[in-house]
Amino acid sequence: MAKPGNKIIQAKLVLLGDMGTGKTSLVLRFVKGQFFNHQEPTIGAAFFTQILSLTEATVKFDIWDTAGQERYHSLAPMYYRGAAAAVVVYDISTKDTFVRAKKWVEELQRQGNLSMVMALVANKSDLESNREVDAEEGEEFAQENGMFYMETSARTADNINELFYEIAKRLAKTCPSKPNAMSLNNEDQGRRRSFCCLG
Ligand SMILES: Nc1nc2c(ncn2[C@@H]2O[C@H](COP(=O)(O)OP(=O)(O)O)[C@@H](O)[C@H]2O)c(=O)[nH]1
Ligand SMILES: [Mg+2]
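A quick note: this is a predicted structure, and the numbers were derived from the prediction, not measured.

1. With respect to the overall build of the chain
When its secondary structure is counted, the chain shows five helices and six strands. Going from N to C terminus, the chain has its helices and strands arranged as β-α-β-β-α-β-α-β-α-β-α. Burial statistics for the chain: of 199 residues in total, 41% are counted as buried. Counted over contacts in the chain with a minimum sequence separation of 6, partners at least 24 positions apart contribute 72%.

2. Here we look at the site of ligand 1
In the neighbourhood of ligand 1, 22 residues make up the surrounding shell, with Gly22, Thr24, Ser25, Gln39 and Arg155 lying closest. Here the element with the most residues in the shell around ligand 1 is helix H1 (residues 23-32); it accounts for three residues. Looking at the shell around ligand 1, its residues break down into five nonpolar, 13 polar and four charged.

3. A short note on the sheet that holds strand S6 (residues 148-151)
One open sheet holds the six strands; their spatial order is S2-S3-S1-S4-S5-S6, and the pairing between them is mixed. Two strands bound the open sheet, and with one partner strand each, they are strand S2 (45-53) and S6. Strand-to-strand twist of the sheet, defined as the mean angle between neighbouring strand axes without regard to direction, takes the value 25 degrees. In this structure, strand S1 (residues 7-17) lies alongside strand S3 (residues 57-66), joined through nine bridges in parallel fashion. In the strand pairing of S3, Val14 is matched with Trp64. In the packing of H1 onto the sheet, contacts are made with S1, S2, S3, strand S4 (85-91) and strand S5 (117-123), and the angle to S2 comes to roughly 35 degrees. The strands touched by helix H5 (residues 160-174) within the sheet are S1, S2, S3, S4, S5 and S6, with S5 carrying the most contacts at an inclination of about 170 degrees.

4. A closer look at the pairing of S3
Along S3, eight of the 10 residues are buried, which leaves the element largely enclosed by surrounding structure. Pairing of S2 with S3, which is carried by nine bridges, proceeds in the antiparallel orientation. What sits directly across from Ala46, in S3, is Asp65. Taken together, S2 and the strand that follows it, S3, pair antiparallel across an intervening segment of three residues.

5. Some thoughts on the nonpolar core
Leu13, Ala85, Ala86, Val88 and Leu171 are the most contacted members of the largest nonpolar core, which totals 54 residues. Looking at this core, the elements with two or more residues in it are S1, H1, S3, helix H2 (76-80), S4, helix H3 (95-111), S5 and H5.

6. Some remarks on the environment of Gln69
As for its placement among the helices and strands, Gln69 is situated in the loop between S3 and H2. Distance from Gln69 to Gly17, taken between C-alpha atoms, is 8.8 Å for residues 52 residues apart in sequence.

7. A short note on the packing of H1 against H5
Running from N to C, H1 and H5 point in directions that differ by 85 degrees, and their axes come no closer than 9 Å. As far as their axial angle goes, H5 and H1 are roughly perpendicular. Facing H1, whose interface residues are Leu26, Arg29 and Phe30, H5 presents Ile160, Asn161 and Phe164.

Calculation rules
- Residues numbered from 1 in each chain as written.
- Chains lettered and ligands numbered in written order.
- Predicted model: local features only at pLDDT ≥ 70, side-chain atom pairs only at ≥ 80, totals over all residues.
- Helix = DSSP H or I, 4+ residues; strand = E, 2+ residues; numbered from the N terminus.
- Buried ≥ 20, exposed ≤ 12 C-beta atoms within 10 Å, placed from the backbone.
- Contact = placed C-beta atoms within 7 Å.
- Near = placed C-beta within 6 Å.
- Nonpolar A, V, L, I, M, F, W, Y, C, P; charged D, E, K, R; others polar.
- Pairing = 2+ DSSP bridges.
- Axes fitted to C-alpha atoms, helices over the stretch in contact; angles between N-to-C directions.
- Core = buried A, V, L, I, M, F, W, Y, C linked by C-beta atoms within 7 Å.
- Parallel < 35°, antiparallel > 145°, perpendicular 65-115°, else oblique.

Below, the structure is given as structure tokens:
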């Protein structure tokens, strides 16, 4: 629930990364608390919403979960344009997905919004015995590119809420309170909102 008096931030969030890295699974774990061993591949993109309440702000995420296949690549700008946050996902057990993640980051750097909150997510941390990408490699790349790094597992739920909380916290810091931002307990409830970083 939103806390009375705090600011509301509506933030578009996009997930990018190779097919099969667990983007849809991360979102389903966060939004619905579910995980499927045989998650259906995403076609085009899927849309989800979730609200997180922090002490300093209430963040409403509009989440675009993209498909990841090369044939949908030309659609990607539609999803990352105007996004307040981007989550670039790779699978720690497949080196190629890290190579692909770096490409997404380069594309975001070239075309994206400079104030975007960016997370590099090393998913499938439960597959430690099959690890092909060391945490140090991911951390270093994230640091060089102004991103924060997190290892997650959609399967075990490890670090999933932490990931979205960290993004929300950073958004609350970077998105200034608009002068006419509503507070939930005033009479304008629901009519005026502070839109953050949209476009
Ligand atoms: N072991 C493990 N498998 C995962 C994890 N996240 C997703 N998967 C599996 O990886 C496959 C692809 O996941 P999906 O969410 O469809 O990936 P997407 O194409 O990036 O959306 C599915 O079979 C998931 O069950 C994880 O954290 N650990
Ligand atoms: Mg998917």
